[in-house]
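What follows is each chain in one-letter form.
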Amino acid sequence: MSRLVVVSNRVSMPTERGAKAGGLAVALAEAMTPGSLWFGWSGKRGATSSDQATVIDHGGLTYATVDLSESDYRRFYVGFSNGSLWPLLHYRTGLLDFKRDDYEGYLTVNDLFADRLVPLLRPDDTIWIHDYQLLTMADALRRRGVKNRIGFFLHIPFVPPAVLHVLPSAAVLVRALAAADLVGFQTHGDRMNFLESVASCMDVHPDDNHSFTHNGHRTETIVAPIGIDADGFARTARRAAGMAETKRLIESLVGRALAIGVDRLDYTKGLPQRFDAFGQLLHRHPEHLRRISLLQIAARSREDVDRYQSLRRELDRKAGDINGAYSDFDWTPLRYMTRTVNRNTIAGFYRLARIALVTPLRDGMNLVAKEFIAAQDSSDPGVLVLSRFAGAAEEMTEALIVNPYDADAVADAMHAALIMPLEERKARHAALLAKVRRTTAASFCRDFLARLKAIEIDA
Ligand code: GDG
């Protein structure tokens with residue numbers, strides 16, 4: 001049987017597991033059947049980038065990691081990946097901080113990854129590359145003569161050509177992606193944008209299967225929405241009911257409704273707009289004064305990128321404004337924390353919440369929306385307020401779908417959620433839960449890999 005080789009920017013080493021269980025790490029853990037190899041950056045920065053990968057066997061899996069020099073890390077990761085590609089692919093062209101030197105560093109690190117991976121490869125390995133940091137790696141492997149099946153999955157959105165071309169060298173990236181045999185997206189909209197970009201950059205048009213051929217190489221595409229282990233997460237949430245943190249939260253609420261937001265502190269997540277909408281709820285629907293608290297967990301992220309520091313200052317100020325304007329001596333409307341919270345604790349908090357606010361300005365999928373639904377008590381479930389610009393909205397149509405830029409509309413959706421009759425809450429939750437249980441982390445991996453392995457390649 002062919003061995004699976006997963007490549008992602010960051011490898012979570014077994015010793016770090018649990019510390020930072022984000023969506024990507026959990027989904028990839030599902031893909032890693034015994035014998036698989038996981039290759040990527042170690043998270044370590046040194047004087048020079050590694051001249052060979054460090055290979056460790058653990059728990060039936062092989063982990064192969066490389067260190068990056070400080071300069072490679074800055075140009076590849078901070079500079080181009082997070083300063084150019086991240087804002088661009090979230091439609092935020094105004095935030096683009098493009099520097100040619102960063103772009104060159106990006107190509108260098110994608111080449112370095114390919115150079116360090118090639119000696120570890122076997123002829124029948126199936127290679128699965130993940131996400132926006134590694135757009136040119138499939139092509140880098142091909143240039144080194146690698147003939148294996150290569151799949152690529154993009155976890156974040158893909159933009160239409162008019163937005164894409166704001167980035168200098170965008171066409172180079174699109175052509176490099178076409179070196180993969182299978183390119184996967186979270187939504188139909190993202191795939192359509194990619195195929196239009198292929199047409200615009202390469203003058204190549206897709207067939208009826210959304211595949212295209214360029215210089216004799218055929219590239220297939222797939223829509224494979226990522227999900228979570230819904231039943232496992234539901235168990236975690238139920239168990240959390242007995243935890244000390246859950247009890248403390250219940251006591252502190254003294255019967256008030258809880259609204260919850262859980263996000264990385266990132267400008268794509270629409271946090272300032274969410275705070276404004278919460279302020280609007282208290283202003284326009286004063287019957288909720290003293291009756292609701294919003295708990296916003298905003299785990300600090302990418303603190304070495306300037307825009308993330310200014311966002312944090314903006315949120316500090318807005319939180320102060322709302323609490324200054326509406327607090328009472330025994331009630332704080334907004335509880336805002338930038339610490340990382342334990343995953344089990346978060347599961348218990350979701351279950352207590354009457355509303356989840358998942359209102360990103362753009363998001364590839366958004367796993368918080370799925371976690372919240374999985375965590376609910378189905379006899380008295382909370383209501384999901386979901387941005388139409390999250391990939392999750394393509395499937396999760398029974399949520400209250402909002403435009404996150406419209407503070408009044410989000411405030412009205414919160415109000416509707418607070419007064420929603422139990423029967424309607426149950427019906428919406430049941431429909432959403434069925435969907436969350438259907439597309440899980442495991443089914444995502446299975447569907448993508450089945451399609452990749454079915455592709456005929458000329459060896
Ligand atoms: C990218 C795409 C796509 C958050 N705060 C804490 C914490 N989290 C966990 C959540 C959730 C995960 O992190 C976040 O996943 P999201 O999907 O919401 O967002 P991104 O991090 O931006 O992920 C996204 C995803 O990749 C997968 O393809 O859905 O669109 O942007 O699991 O619960 N976890 C803990 N403490 C926190 O404070 N433990």
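Definitions and limits used
- Residue numbering note: each chain is counted from 1, following its sequence as written.
- Note on the predicted model: pLDDT of at least 70 is required for a residue's local features to be given, and 80 or more for side-chain atom pairs to be given and counted; whole-chain, interface and lining totals, by contrast, use all residues.
- Strands are runs of DSSP state E lasting at least two residues, helices are runs of H or I lasting at least four, and both sets are numbered from the N terminus onward.
- Field definition: a residue is buried when 20 or more other C-beta atoms are found within 10 Å of its C-beta, exposed when 12 or fewer are, and partly exposed for counts in between, with C-beta atoms placed from the backbone.
- Our contact criterion uses C-beta atoms placed from the backbone: two residues qualify when those atoms are within 7 Å.
- Contact assignment follows one rule, namely that a residue is near a molecule or strand if its backbone-placed C-beta atom lies within 6 Å of it.
- Charged means Asp, Glu, Lys or Arg here, nonpolar means Ala, Val, Leu, Ile, Met, Phe, Trp, Tyr, Cys or Pro, and polar covers whatever is left, Gly included.
- Criterion used throughout: strands pair if DSSP finds at least two bridges between them.
- The angle between two axes is taken between their N-to-C directions and runs from 0 to 180 degrees, where each axis is a line fitted to C-alpha atoms and a helix contributes only its stretch in contact.
- Domains are outlined according to an automatic or database domain assignment.
- By definition in this entry, angles of less than 35 degrees are roughly parallel, angles greater than 145 are roughly antiparallel, angles of 65 to 115 are roughly perpendicular, and the rest are oblique.
- Crossing chirality is assigned from the near helix's rotation relative to the far helix, an anticlockwise turn below a right angle marking it left-handed and a clockwise turn marking it right-handed.
- Throughout this description, the term nonpolar core refers to a group of buried Ala, Val, Leu, Ile, Met, Phe, Trp, Tyr and Cys residues whose C-beta atoms join them within 7 Å.
- pLDDT measures how confident the predictor is about each residue, on a scale from 0 to 100.
- Take the number of residues in a helix, subtract one, and multiply by 1.5 Å to get its expected span.
- The arc refers to the directions leading from the helix axis to the C-beta atoms.

(A) The overall build of the protein chain, seen in detail. The helix and strand tally for the protein chain stands at 16 helices and 15 strands. Overall, the protein chain is about 70 × 50 × 40 Å in size when its C-alpha atoms are taken along their principal axes. With 459 residues in all, the protein chain has 48% of them scored as buried. Look at the contacts in the protein chain between residues 6 or more apart in sequence, and 77% of them connect residues 24 or more apart.

(B) Seen up close, the site of the ligand. By nearness alone, 23 residues border the ligand, and His 155, Ala 299, Gly 364, Met 365 and Leu 367 come closest of all. If one sorts the elements of the shell around the ligand by residue count, helix α13 (residues 367–375) sits on top with 3 residues. Of the residues in the shell around the ligand, the class split is 12 nonpolar, 7 polar and 4 charged.

(C) Broad picture of the sheet that holds strand β13 (residues 355–358). Spatial strand order, β12-β11-β10-β13-β14-β15: 6 strands in an open sheet with parallel pairing. Looking at strand neighbours, the two that pair on one side only are β12 (334–337) and β15 (400–402), the edges of this open sheet. The mean angle between the axes of side-by-side strands here comes to 20°, regardless of whether they run parallel or antiparallel. Here 2 bridges tie strand β10 (residues 257–264) to β13, and the two strands are oriented parallel to one another. Looking at the pairing, Ile 260 lines up with Ala 356 of β13.

(D) Inspection of the domain arrangement of the protein chain at higher detail. For the protein chain, the assigned domains read domain 1 (4–227 + 441–453) and domain 2 (230–437). Inter-centroid distance (C-alpha atoms) of domain 1 to domain 2 is 31 Å. In this complex, domain 1 contributes 17 residues to the contact, which on the side of domain 2 involves 15 residues. Among the elements that line the side of domain 1 that touches domain 2, the one with the most residues is helix α2 (residues 70–89), at 3 residues. Across the side of domain 1 that touches domain 2, the residue classes break down as 8 nonpolar, 9 polar and no charged.

(E) Quick look at the sheet that holds strand β3 (residues 54–58). Judged by pairing direction, the sheet is mixed, and its 9 strands sit side by side in the order β3-β4-β2-β1-β5-β6-β7-β9-β8 without closing on themselves. Either end of the sheet is taken by a strand with one partner, and the two such strands are β3 and β8 (212–214). Between one strand axis and the next, the sheet turns through 25° on average, direction left out of account. As defined by bridge partners, strand β6 (residues 149–153) adjoins strand β7 (residues 182–185) across 3 bridges and the pair is classed as parallel. Across the sheet, Phe 152 pairs through a bridge with Val 183, a residue of β7.

(F) Summary view of the packing of helix α12 (residues 343–352) against α13. It is at 8 Å that the axes of α12 and α13 come closest, and there the two elements cross at 70°. In terms of orientation, α12 lies roughly perpendicular with respect to α13. Considering the relative orientation of α12 and α13, their crossing is right-handed. Of the residues in α13, those touching α12 at Ala 347, Tyr 350 and Arg 351 are Glu 371, Phe 372 and Ala 375.

(G) The nonpolar core, seen in detail. Judged by nonpolar contacts, the single largest core of 140 residues is most densely connected at Leu 177, Leu 384 and Val 385. Each of domain 1 (4–227 + 441–453) and domain 2 (230–437) gives at least three residues to this core. In this structure Leu 177 touches Leu 135, Ala 138, Phe 152 and Val 183, once residues within four positions along its chain are discounted.

(H) View of unusual backbone geometry. Positive phi values are uncommon outside glycine, yet Asp 131 reaches one of about 80°. Take Asp 131: it is sitting in the loop between β5 (126–130) and α4 (137–143). Unlike most non-glycine residues, His 210 shows phi in positive territory, near 60°. Structurally, the position occupied by His 210 is in the loop between α7 (188–202) and β8.

(I) Quick peek at the confidence of the model for the protein chain. On average, residues of the protein chain carry a pLDDT of 95, and 98% of them reach 70 or more. Overall fold confidence (pTM) sits at 0.96, and the ipTM for the predicted complex is 0.99.

(J) Fine view of the pairing of strand β9 (residues 217–223). As paired strands, β7 and β9 are joined by 4 bridges and run parallel to one another. Of the residues in β9, the one forming a bridge with Val 183 is Thr 221. Sheet topology note: the β8/β9 ladder contains 3 bridges and is antiparallel. Note that in β9 the partner of His 214 across the bridge is His 217. Taking the residues between adjacent antiparallel strands as the criterion, β8 and β9 are bridged by 2 residues, where Asn 215 takes a positive phi near 50°.

(K) Up close: helix α14 (residues 407–419). Over its 13 residues, α14 runs 19 Å from end to end, which matches the ideal 18 Å to within 8%, given 1.5 Å per residue. Buried positions along α14 lie against β10, α10 (271–284), β13, β14 (383–387) and β15.

(L) The arrangement of helix α11 (residues 306–326) in detail. Helix length check: α11, at 21 residues, gives a terminal C-alpha distance of 31 Å against a target of 30 Å (1.5 Å per residue), a fit within 8%. Among the residues making up α11, those that are buried are Leu 311, Lys 318, Ala 319 and Ile 322. Axial view of α11: buried residues confined to an arc of 105°, hence all on one face. Projecting away from the buried face of α11 at angles above 90 degrees are the exposed residues Asp 306, Ser 310, Arg 313, Asp 316, Arg 317, Gly 320 and Gly 324. Packing partners of the buried residues in α11 comprise α10 and β12.

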